[in-house]
Amino acid sequence: MKPRAISLKMKGVFAGSALIMFAHKVECWWMHEWLDSPFFQWMYDSGGILATTPEDAFGETVFLAFISWLFAGLFMGYLVMRGGWGPIVALGVWGLTFILEWHHVIRTVVSGEYYVGAGTSVVYLAFMAYYWWVLLTHIDWERTDGLAAG
């Protein structure tokens with residue numbers, strides 16, 4: 001098994017998924033997801049390790065979130081520049097975001113009411129199978145160790 005070069009089609013599929021995710025984040029921002037999300041509430045409650053005022057706690061939380069995502073992005077960039085399996089792994093990690101977005105649908109179903117972000121998360125989740133199908137075509141599944149299968 002070995003990786004294939006990332007095709008123009010995969011680049012387009014990735015760009016499409018990023019565009020849908022952008023629309024999803026705009027919806028979540030517009031609908032104030034941070035007020036309902038247990039994750040954001042946890043971040044806010046656990047922020048402020050060094051803060052002495054509520055404003056400092058908020059600033060510290062935003063700063064730590066920004067730094068975390070900055071280094072996650074830098075790591076993903078490193079994987080892409082590395083070549084070989086790097087781009088496949090980076091695109092696979094991005095593909096895991098599809099799993100994360102199920103929480104919008106689950107919370108909507110469980111509560112019986114619209115949960116922030118459910119509209120665009122359904123579009124994003126519908127795109128998931130296509131994304132993974134195209135990504136998995138970038139792996140040559142034939143054995144490359146010289147041993148016959150069987």
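With that out of the way, let us pick up the environment of Gly95. Along the chain, the position of Gly95 falls in helix 4 (residues 86-95). Look at Gly95 and you get buried, because its relative accessible area is 1%. When the C-alpha positions of Gly95 and Tyr131 are compared, they lie 7.5 Å apart, and in sequence the two are 36 residues distant. Not counting chain neighbours up to four residues away, the residues in contact with Gly95 comprise Tyr131 and Trp132.

Now for the pattern of salt bridges. Under the defined criterion, the tally for this structure stands at one salt bridge. The shortest N-O distance in the salt bridge between Arg4 and Asp140 comes to 3.7 Å. With Arg4 in the loop between strand 1 (2-3) and helix 1 (8-30) and Asp140 in strand 2 (residues 139-140), this residue pair connects regions lying 136 residues apart in the sequence. On the basis of relative accessibility, which here comes to 44%, the residue Arg4 falls in the partly exposed class.

To continue, consider the side chain of Glu27. Mapping Glu27 onto the fold places it in helix 1. Look at Glu27: it is buried, it has no salt bridge, and the nearest opposite charge is Lys25 at 9.7 Å. Here Glu27 is in contact with Tyr114, Gly117, Ala118, Gly119 and Thr120, once residues within four sequence places are set aside.

Cut-offs used in this document
Residues numbered from 1 in each chain as written. Predicted model: local features only at pLDDT ≥ 70, side-chain atom pairs only at ≥ 80, totals over all residues. Heavy atoms only, no water. Helix = DSSP H or I, 4+ residues; strand = E, 2+ residues; numbered from the N terminus. Buried < 20%, exposed > 50% of the residue type's maximum accessible area, 1.4 Å probe, protein only. Contact = heavy atoms within 4.5 Å. Salt bridge = Lys/Arg side-chain N within 4 Å of Asp/Glu carboxyl O. Lys, Arg positive; Asp, Glu negative; His and termini not counted.

Everything listed here is a matter of geometry and, on its own, says nothing about what the molecule does.
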